There are 2 protein chains.
Amino acid sequence: MTPEEFRRFGYELIDRIADYRAGIANRAVMAQVAPDEIKNLLPQSAPENPQPVPEILRDLDWIISGLSHWQHPRFFGYFPANALLAGVLGDLASTGLGVVGLSWQSAPALTELEEVVVDWIRQMLGLSEAWSGVIQDTASTNAVVALISARERATRYSMWRGGLQAEARPLALYVTEHTHSSVTKGALLAGFGREHVRTVPHDGSYAMRADALAEIVNADAAAGLKPCAVVVTTGTTATMAIDPIRDVAAVARSNALWLHVDAAMAGSAMILPECRWMWDGVEEADSLVGIPFDCSIYFTSDPEHLTKVMSTGPSYLRSNVDGAVKNLRNWGIPLGRRFRALKVWFVLREQGLAALRGRLRRDIANAGWLVEAVHAAPDWRVLAPVNLQTVCLRHEPLGLTGEALDAHTLGWANRINASGAGYLTPAVLDGRWMVRVAIGSEMTEREDVEAIWLSMRREAEAAHLSP
Amino acid sequence: MTPEEFRRFGYELIDRIADYRAGIANRAVMAQVAPDEIKNLLPQSAPENPQPVPEILRDLDWIISGLSHWQHPRFFGYFPANALLAGVLGDLASTGLGVVGLSWQSAPALTELEEVVVDWIRQMLGLSEAWSGVIQDTASTNAVVALISARERATRYSMWRGGLQAEARPLALYVTEHTHSSVTKGALLAGFGREHVRTVPHDGSYAMRADALAEIVNADAAAGLKPCAVVVTTGTTATMAIDPIRDVAAVARSNALWLHVDAAMAGSAMILPECRWMWDGVEEADSLVGIPFDCSIYFTSDPEHLTKVMSTGPSYLRSNVDGAVKNLRNWGIPLGRRFRALKVWFVLREQGLAALRGRLRRDIANAGWLVEAVHAAPDWRVLAPVNLQTVCLRHEPLGLTGEALDAHTLGWANRINASGAGYLTPAVLDGRWMVRVAIGSEMTEREDVEAIWLSMRREAEAAHLSP
């Protein structure tokens, strides 16, 4: 493809994306396809000869019809994953430049722009200058990085000697039932045993109990384990519960535990001063993950330790400025990296902080409206404190309990999803199914929240009214 | 940004990328900036109010001036990292759709298109149907995945019990001095100790000696270690050496070692039947990484094992089609993923196999031309067999040895890099610096190879001629 062809086809693709976004609200939110339906449309092998680009672009039509639409104003599933159009441009610039950040010298602007925008985000979140950040690919990878960092501090760099196996006392990790699944996965990948991933009891708001943590840590140490790390969550996935960082930090400090803060869900809300209470004590943590604005950032309060654990320096990657620059390959698992900072750079400048704050406040107010509506409706219940934009609810008609209630809940939620009217994520809370409504898509306005609430009432109450 | 604004600014950005690519040959290849030069240009904090998008787009000018140009026809550094314009469009489509592949249901077409194109690549590489592939983010991540898979097979899933520490005999890994640095890094991250990453001697062509491997494995087992995995490389980074897979596989089989094939460098050449001898025996491997066409693919011959090690299934990610679909989150570390397959889909269709083969053959012929030229020039030497497109060479004037030779080599290579005439990567081979010329940028034609050769002769010979 020549640059001139790229120009022509590029315009066409930009048009297709603009049209897709402009018309997204008219689509069914959840993909209306069956397993293998897409696969069966596709050729079994790559073509021997070139195919016309317009044909490839036209195929986007059926690809789109096989997607659930995360940018839809009535997408209330999983978590808000806004792909703002300014970010799309930033990402296009990144891929178009085609550079790889192997080392500072291989792409100096990639490295330095990242240093700058990550520091912008540090300030936006109200973190002190003690924190250094780096863009990682996903929150799951960040969990692995945090737990390996914890492991290596606790074992005084066993990786440089006999490895984890040379350590006699089994390392233990502390989480709650509501800690994200990627944390346990990350611990197991890092070599911890599932038997030593300890579940700390939570209180009635689903937040970790620091007193219970202290007890378990003491008991484990007495039993010959080596307590290694604790993960607190600012905004759990199921209910947006807020673990008490300051109280946990006190336990961590007196037991030499690595303290990791998982703020993948609620991190972006920390740009609102009125939400900062949620991570009171965060400055005492060792590592912190937030996913504000479409990228996952890992903050460390000890960059020297991180780069010791992650460093690699074969001869072909050395340069004579290594002492004066940041080499991002030493800040995470991957060696190469795309120019990720461009997306953040575009989004923050095109939006400005005031607009970002405004949209978050809109979402929180929308969640507040839904909470009021649920409270006012007979047989409906809000199941957990609503600190931000996630509302956990259930329709509980009189006399319906246990598995019958589960069937009712999954039934109405799945019917709404299948209808295309909205996308909701059922989840298990205290052993029973409930429905999460995660508000925060860029296009989601009050009327969308009103509409999904109407759908919920209609579907649930038509199936089962209290006698 | 509204879809209409996106259309306008998107056109402008497409133009900028087209112009950048069209004029790239006129730029200095290596970035001509000093450390902190870019950083010092930038505002210290994010803006409170929105900034005009045209201004953000204009800033790309100085960002580009702070980059080394990987797509430049005279980029001979590190490894070819082609970002074909068709792939840029595929990536733009991915980011523009803004979907996240958490589970099949969250983006069915994302999952199924990936299944199909990964199978296309399996066929292109001549791999049997026994292999299942998945797109991962980088080769380094793939190394971690492979080594954790090896660890868990050797310990019969210690992760589900007491973890790596519960295993008495230290796990050992076998590599050569020329195995990529990400493999040792990955092993250490996976909990192996550096003491147990064993360096197997290589032969005169820098390839692993299978007989030496057998000896070391036996000695280790006798000494109480548990030999766990061996990594063979198809195309080492420094010299493109080809480890003998079939011979190593025999040793691996009789010692129950996990056999991982790192074909990140030479994997794409396996679309040429005449190169397939390079991984004779590959079907006996357990895992395989290739980076053909701008994405890193992990192939496993035991997908059930991989998904056992990588699985995670909290309630909010379950759906009632889970038995019938592939959930990509169980095939690697990250939970979320972008629509990566679109890039591959665009590139393979827009190019067609014949064109991809043609370009590879052009690059191999260009390397052959350079080898002949070096052989014919007095005082110049090719230092390793040239199997593909990487030529390792040195200018060795009579009487210049040791550190003086190193200074000479680094001197002329760095002067060329600093001049902008080309980008070369010096590396250490057998304890002495040499220069790698990695040929294979999409735009690199014979005349570019002739030009860099001329530059090399001029710089090196002007500094030092044999007496």
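Refer to the structure above for everything that follows.
Residues numbered from 1 in each chain as written. Chains lettered and ligands numbered in written order. Predicted model: local features only at pLDDT ≥ 70, side-chain atom pairs only at ≥ 80, totals over all residues. Heavy atoms only, no water.

The secondary structure content of chain A amounts to 14 helices and 12 strands. Its C-alpha radius of gyration of 24 Å places chain A within 12% of the 23 Å reference for a compact globule of 467 residues. Structurally, chain A occupies a C-alpha span of about 65 × 65 × 45 Å along its principal axes. Looking at chain A as a whole, 64% of its 467 residues are labelled buried. In chain A, the share of contacts with a sequence separation of at least 24, taken over all contacts with a separation of at least 6, comes to 74%. (Helix = DSSP H or I, 4+ residues; strand = E, 2+ residues; numbered from the N terminus. Rg over C-alpha atoms; globule rule 2.2 N^0.38 Å. Buried < 20%, exposed > 50% of the residue type's maximum accessible area, 1.4 Å probe, protein only. Contact = heavy atoms within 4.5 Å.)

What follows deals with the layout of surface pockets. Gaps left between atoms are located by rolling a probe of water-molecule size over the structure's atoms. Its boundaries defined by the atoms lining it, the largest pocket holds a volume of some 580 Å³. Considering the residues around the largest pocket, the lining is formed by 31 residues, among which E177, T179, S181 and T184 of chain A together with P314 of chain B are closest to the centre. Looking at the lining of the largest pocket, the elements with two or more residues in it are helix 7 (181–189), strand 4 (197–199) and strand 11 (423–429) of chain A together with helix 10 (303–310) of chain B. With 4 residues, helix 7 of chain A is the largest single contributor of residues to the lining of the largest pocket. (1 Å grid on protein atoms, 1.4 Å probe; cavity = no way out; pocket = protein on both sides within 12 Å on 5 of 7 lines; lining within 4 Å. Points joined across faces, edges and corners; volume = space filled by probe spheres on them.)

A few words on the sheet that holds strand 1 (residues 75–76) of chain A. Whether parallel or antiparallel, the strands of a sheet pair through hydrogen bonds between backbone atoms. Residue and element names in this part refer to chain A. Sheet architecture is open: 5 strands sit in the order 1-11-12-10-9, paired in mixed fashion. The open sheet is flanked by strand 1 and strand 9 (380–382), the only strands paired with a single partner. Inspection of the sheet shows strand 10 (residues 390–395) paired to strand 12 (residues 432–438) by 4 bridges, in the antiparallel sense. Counted as the bridge partner of L393 is V435 from strand 12. Where helix 13 (residues 402–419) meets the sheet, its contacts fall on strand 9, strand 10, strand 11 and strand 12, and the angle it forms with strand 12 comes to roughly 30 degrees. (Pairing = 2+ DSSP bridges. Axes fitted to C-alpha atoms, helices over the stretch in contact; angles between N-to-C directions.)

It is worth spelling out the relation of the copies chain B and chain A at this point. Each of the two chain copies goes to the other by way of a rotation about an axis and a shift along it. Taken as rigid bodies, chain B and chain A are interconverted by a rotation of 180 degrees and an axial shift of 0.0 Å, the fit giving an RMSD of 0.0 Å. Read as a symmetry element, the transformation amounts to a two-fold axis. Across chain B, the rotation axis passes nearest the C-alpha of Q165 of chain B, at a separation of 2.2 Å. Looking at chain B, 100% of its interface residues are interface residues in chain A too, so the copies touch through the same face. (Least-squares fit on C-alpha atoms with pLDDT ≥ 70 in both.)

All names here are of chain B. By the element assignment, R381 lies in strand 9 (residues 380–382). Here the alpha-carbon distance between R381 and H395, two residues 14 residues apart in the chain, equals 6.4 Å. The contact partners of R381, leaving out residues within four places of it in the chain, are V374, C392, L393, R394 and E396. A distance of 2.9 Å separates polar atoms of two side chains, one belonging to R381 and the other to E396. (Polar contact = N/O pair within 3.5 Å; in protein donor to acceptor, adjacent residues only side chain to side chain.)

Residue and element names in this part refer to chain A. The sheet built from 7 strands is open, its strands ordered 2-8-7-6-5-3-4 with mixed pairing. In the strand order of this sheet, the two ends are held by strand 2 (132–136) and strand 4, each with one partner. Across this sheet, the average inter-strand angle for adjacent strands is 20 degrees, counted without regard to direction. Where strand 7 (residues 287–290) lies against strand 8 (residues 296–300), 4 bridges are found, and the strand directions are antiparallel. What sits directly across from L288, in strand 8, is F299.

Residue and element names in this part refer to chain A. Between helix 6 (residues 139–154) and helix 10 (residues 303–310), whose axes approach to 10 Å, the crossing angle comes to 95 degrees. For the element pair helix 6 / helix 10, the angle class is roughly perpendicular. Mapping the contact onto sequence places V145, I148, S149, E152 and R153 in helix 6 and H305, L306, V309 and M310 in helix 10. The class makeup of the residues in the contact of helix 6 with helix 10 is 5 nonpolar, 2 polar and 2 charged. (Parallel < 35°, antiparallel > 145°, perpendicular 65-115°, else oblique. Nonpolar A, V, L, I, M, F, W, Y, C, P; charged D, E, K, R; others polar.)

Moving on, we get to the nonpolar core. Note on soluble globular proteins: their nonpolar side chains tend to be buried together. In terms of nonpolar packing, the biggest core is built from 294 residues, with F339 of chain A together with F339 of chain B touching the most fellow members. In this structure F339 of chain A touches S94, L97, V99, A109, L110 and L113 of chain A together with I63 and L67 of chain B, once residues within four positions along its chain are discounted. (Core = buried A, V, L, I, M, F, W, Y, C linked by side-chain atoms within 4.5 Å.)

Bringing the interface of chain B and chain A into the picture now. Taken together, the 155 residues of chain B in the interface contact 155 residues of chain A. Contact between chain B and chain A buries roughly 13000 Å² in total, counting both sides, with carbon and sulfur atoms accounting for 63%. Contact with chain A buries area across many residues of chain B, yet Q165, Y316 and R349 of chain B alone supply 7% of it, more than any other trio. At the junction of chain B with chain A, the criterion picks out 14 salt bridges. Linking R349 of chain B and D59 of chain A is a salt bridge whose minimum nitrogen-to-oxygen distance equals 2.7 Å. It is helix 1 (residues 3–23) of chain B that provides the largest number of residues to the side of chain B that touches chain A, a total of 15 residues. Residues belonging to the side of chain B that touches chain A are distributed by class as follows: 89 nonpolar, 39 polar and 27 charged. (Buried area = accessible area lost by both parts, 1.4 Å probe. Salt bridge = Lys/Arg side-chain N within 4 Å of Asp/Glu carboxyl O.)

Residue and element names in this part refer to chain B. For the structure shown, the criterion picks out 4 cavities of 30 Å³ or more. Taken as a whole, the second largest cavity holds about 70 Å³ of empty space. Forming the boundary of the second largest cavity are I135, Q136, D137, L328, R329, G332, I333, P334, L335, G336, R337 and R340. When the residues that make up the lining of the second largest cavity are grouped by side-chain class, the tally is 5 nonpolar, 3 polar and 4 charged.

With that settled, consider unusual backbone geometry. One non-glycine residue, D36 of chain A, lies in positive phi territory at about 75 degrees. Relative to the helices and strands, D36 of chain A is located in the loop between helix 1 (3–22) and helix 2 (53–58). Positive phi values are uncommon outside glycine, yet Y157 of chain B reaches one of about 65 degrees. Relative to the elements of secondary structure, Y157 of chain B occurs in the loop between helix 6 (139–154) and strand 3 (171–175). The class for Y157 of chain B is buried, based on a relative accessible area of 16%.

With that settled, consider the pattern of salt bridges. Should the charged atoms of two oppositely charged side chains come close, the side chains can pair. By the definition in use, this model includes 64 salt bridges over all chains. In this structure, R16 of chain B engages D61 of chain B in a salt bridge whose closest nitrogen and oxygen atoms are separated by 3.2 Å. In this pair, R16 of chain B is assigned in helix 1 and D61 of chain B in helix 3 (residues 60–65), connecting sequence segments 45 residues apart. What emerges from the salt-bridge pattern is a single network uniting E4 and R7 of chain A together with D15 and D19 of chain B.

On to the pairing of strand 12 of chain A. All names here are of chain A. Taking burial as the measure, the 7 residues of strand 12 include 6 buried ones, the bulk of the element. Relative to strand 12, strand 11 is paired through 5 bridges, and the arrangement is antiparallel. By the bridge assignment, V428 is partnered in strand 12 with W433. The hairpin formed by strand 11 and strand 12 contains 2 residues between the paired strands, and D430 there has a positive phi angle of roughly 50 degrees.

A word on helix 11 (residues 341–351) of chain A. The element helix 11 of chain A is largely enclosed, with a buried count of 11 among its 11 residues. Of the positions making up helix 11 of chain A, those classed as buried are A341, L342, K343, V344, W345, F346, V347, L348, R349, E350 and Q351 of chain A. Buried positions along helix 11 of chain A lie against helix 4 (85–97), helix 5 (108–124), strand 2 and helix 12 (353–376) of chain A together with helix 2 (53–58) and helix 3 of chain B. Downstream of helix 11 of chain A by a residue or two, G352 of chain A has a phi angle that is positive, lying close to 80 degrees.

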